[in-house]
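Each chain, letter by letter, is given below.
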Number of protein chains: 2
Amino acid sequence: MAAKIKIEKKILSENDKIAAAIRERLHQNNIVSLNFVSSPGSGKTSLLEKTIGYLGKDIKIGLIAGDVQTENDANRLKAAGGEIVRPVVTGGACHLDARMISKALENLDLEKIQMLFIENVGNLVCPSSYDLGEDMKVVLMSVTEGDDKPLKYPAMFRRSSVMIINKLDLLPHCDFNMETARQNALKINGKFKIFEMSCRTGDGLDEWYSWVKNPKI
Amino acid sequence: MAAKIKIEKKILSENDKIAAAIRERLHQNNIVSLNFVSSPGSGKTSLLEKTIGYLGKDIKIGLIAGDVQTENDANRLKAAGGEIVRPVVTGGACHLDARMISKALENLDLEKIQMLFIENVGNLVCPSSYDLGEDMKVVLMSVTEGDDKPLKYPAMFRRSSVMIINKLDLLPHCDFNMETARQNALKINGKFKIFEMSCRTGDGLDEWYSWVKNPKI
């Protein structure tokens, strides 16, 4: 397995170089960028639909929507008012990498946007290893997933700056302890900025909106 | 990237060889084996807790519980009555591979069990590529995840023989169309055996129990 590890390291370091170049380019253009990561079905697309619906009138947002197959998410984002949406179908790959983002940016006029939202592939493991040049990662989990997720998938939670606990409306129907989830998350990452919300009912979204307009940790 | 692809292929073919050896050994011992795969939080551990609670009196079941970190799942299975539970902590790897299973089997007396249940890492992408020597894969999704998951993660659904739609109790609170989910799944895999259930309320479990005692497709 040594050869595999060596090559993986090389690929990751190449990825880091491309990511650094992306970060520099985005900063030169004063673009704030967020990389949204989570399990499949935690609500990344729903959150982005709501967020672009709310912020889109004041802020020009570029969206890169990654998926293993289909452009379902990209189409949902367009339907929700996303004007600048670039789908990236990985064709089987379990994560977005910096090269894919770099390619997607070729078709995106950076002078026309102020924010870039990247929706990663639904996967709580692999995307944690790939810097995409973003300012920060936002990790979502939903109350249907179990309050021990931060402990079971620590790399993703450690490398994210913001945690969103979604599907609050389902809380009365689930065996999910909010306090335990928060404590587990803070054990992994003591600096977490945490939001609780339901993208379905809109509960908790106001606090998110007022933060994400000018995201700082 | 050519070198990476070459080495990945080599590793996968090594994996297949080990998986074939595992399969032969399990069959020589008349052991039926199922590999449970899903997103994090779809309910693999809950399903196994219920299943060993019900079948465990009549059938000796070996359990291999894979996780990126923690032995939480293995501990839950022990608490639910699992007598022969082997945790496998992958230490960051996003899937179980055949080598890990082979190692776990070293500590498991195959003459003493009739079934082997493997709980894979919560990941709807990568575990699809790794044969573990099992008789079939059982893929879970929950009604909170969205009815388009089979289309978005086709490899996993194509390579599984059984699909379980879990968390039926949450259906009235979710925008999930059961018929659409079934149709999407059957588009990917026309031979799917599909179960609907709620591990929380027990709804639908009887049908699953009577099938899993002697699983055939």
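Small disclaimer: the values here were computed from a predicted structure and weren't measured.

Engineer: A description of the sheet that holds strand β2 (residues 61-67) of chain B should follow, citing residues and the corresponding values.
Structural biologist: Within a sheet, adjacent strands bond to each other through the backbone by hydrogen bonds, running parallel or antiparallel. Residues and elements named next belong to chain B. The parallel open sheet is built from seven strands, whose spatial order is β3-β2-β4-β1-β5-β6-β7. In this open sheet, the two strands that pair with only one neighbour each are β3 (84-89) and β7 (193-196). Mean inter-strand twist for the sheet, computed between neighbouring axes without regard to direction, equals 20 degrees. Of the pairings in the sheet, the one linking β2 to strand β4 (residues 115-119) comprises five bridges and is parallel in character. Residue pairing across strands places leucine 63 opposite phenylalanine 117, the latter belonging to β4. Helix α2 (residues 44-55) contacts β1 (32-37), β2, β4, β5 (136-142) and β6 (162-166) of the sheet and is inclined by roughly 160 degrees relative to β4.

Engineer: Explain the pairing of strand β6 (residues 162-166) of chain A residue by residue, including any values.
Structural biologist: Residue and element names in this part refer to chain A. The buried fraction of β6 is high, at five of five residues. Taken together, the four bridges between β6 and strand β7 (residues 193-196) define a ladder with parallel strand orientation. Bridge pairing in β7 places isoleucine 165 opposite glutamate 196. Taken together, β6, helix α7 (residues 178-188) and β7 constitute a β-α-β crossover, and its handedness is right-handed.

Engineer: So what about the relation of the copies chain A and chain B? Which residues, and what values?
Structural biologist: Structural alignment of chain A on chain B gives an RMSD of 0.0 Å, achieved by rotating through 180 degrees and translating 0.0 Å along the axis. Given the turn and translation reported, the copies of this chain are related as if by a two-fold rotation axis. With an isologous cut-off of 70% or more, the 100% of interface residues of chain A that recur at the interface of chain B puts this contact in the isologous class.

Engineer: Would you mind going over α7(A) in detail, with residue names and values included?
Structural biologist: Residue and element names in this part refer to chain A. Turning to α7, its buried residues are Met178, Ala181, Asn184, Ala185 and Ile188. Down the axis of α7, the sector holding all buried residues measures 130 degrees, keeping them to one side. Backbone nitrogen of glutamate 179 and a side-chain oxygen of the N-cap are separated by 2.9 Å at the start of α7; the cap is asparagine 177.

Engineer: Just give me the short version of the environment of A:Tyr209, but keep the residues and values in it.
Structural biologist: All names here are of chain A. When you line up the elements, tyrosine 209 lands in helix α8 (residues 205-212). Leaving out residues up to four positions away in the same chain, tyrosine 209 has contacts with Lys50, Thr51, Tyr54 and Leu55. Engagement of the side chain of tyrosine 209 in a polar contact is seen with the backbone oxygen of lysine 50, the distance being 3.4 Å.

Engineer: Before we move on, can you summarise the interface of chain A and chain B with the specific residues and values?
Structural biologist: Contact with chain A, which involves 38 residues of that partner, is made by 38 residues of chain B. Between chain A and chain B the total buried area reaches about 3,100 Å² when both faces are included, carbon and sulfur atoms providing 58% of it. The shortest N-O distance in the salt bridge between B:Arg200 and A:Asp175 comes to 3.0 Å. Taken together, the connections running from chain A to chain B amount to 14 residue pairs in polar contact (both at pLDDT 80 or more). Taken together, the elements giving at least two residues each to the side of chain A that touches chain B come down to α1 (2-28), α3 (72-79) and α5 (149-152) of chain A. Of all the elements, α1(A) adds the most residues to the side of chain A that touches chain B, at five residues. Grouping the amino acids of the side of chain A that touches chain B by side-chain chemistry returns 16 nonpolar, ten polar and twelve charged.

Engineer: Summarise the state of the cysteines; cite the residues concerned and give the values.
Structural biologist: Note on terminology: a disulfide is the covalent bond linking the sulfur atoms of two cysteines. Taken as a whole and judged by the stated rule, the model has zero disulfides over all chains. Just so you know, B:Cys94 is unpaired, no disulfide at all, and the nearest cysteine sulfur is the one on A:Cys126, 3.5 Å from it. Overall, the relative accessible area of 13% leaves B:Cys94 in the buried class. Here B:Cys199 stays free of any disulfide, with the sulfur of A:Cys174 as its closest cysteine sulfur at 13 Å. For B:Cys199, a relative accessible area of 4% corresponds to the buried category.

Engineer: Break down the packing of aromatic side chains for me, citing the residues and quoting the values.
Structural biologist: All names here are of chain A. Inspection of the entire model under this criterion finds 14 aromatic pairs over all chains. Measuring from centroid to centroid gives 5.5 Å for phenylalanine 36 and phenylalanine 117, while their planes differ by 80 degrees, and the two rings are edge-to-face. Placement of phenylalanine 36 in strand β1 (residues 32-37) and of phenylalanine 117 in strand β4 (residues 115-119) is noted, with a sequence separation of 81 residues between them. One exposure class covers both phenylalanine 36 and phenylalanine 117, and it is buried. With a centroid separation of 5.6 Å and an interplanar angle of 55 degrees, the aromatic rings of phenylalanine 195 and tryptophan 211 are classed as tilted. Linking phenylalanine 195 in strand β7 with tryptophan 211 in helix α8, this pair joins segments that are 16 residues apart in sequence.

Cut-offs and rules
Residues numbered from 1 in each chain as written. Chains lettered and ligands numbered in written order. Predicted model: local features only at pLDDT ≥ 70, side-chain atom pairs only at ≥ 80, totals over all residues. Heavy atoms only, no water. Pairing = 2+ DSSP bridges. Helix = DSSP H or I, 4+ residues; strand = E, 2+ residues; numbered from the N terminus. Axes fitted to C-alpha atoms, helices over the stretch in contact; angles between N-to-C directions. Contact = heavy atoms within 4.5 Å. Buried < 20%, exposed > 50% of the residue type's maximum accessible area, 1.4 Å probe, protein only. Right-handed = clockwise from strand over helix to strand, strands pointing away. Least-squares fit on C-alpha atoms with pLDDT ≥ 70 in both. Arc of directions from axis to C-beta. Polar contact = N/O pair within 3.5 Å; in protein donor to acceptor, adjacent residues only side chain to side chain. Buried area = accessible area lost by both parts, 1.4 Å probe. Salt bridge = Lys/Arg side-chain N within 4 Å of Asp/Glu carboxyl O. Nonpolar A, V, L, I, M, F, W, Y, C, P; charged D, E, K, R; others polar. Disulfide = S-S within 2.5 Å. Phe/Tyr/Trp six-rings, centres within 6.5 Å; stacked < 30°, edge-to-face > 60°.

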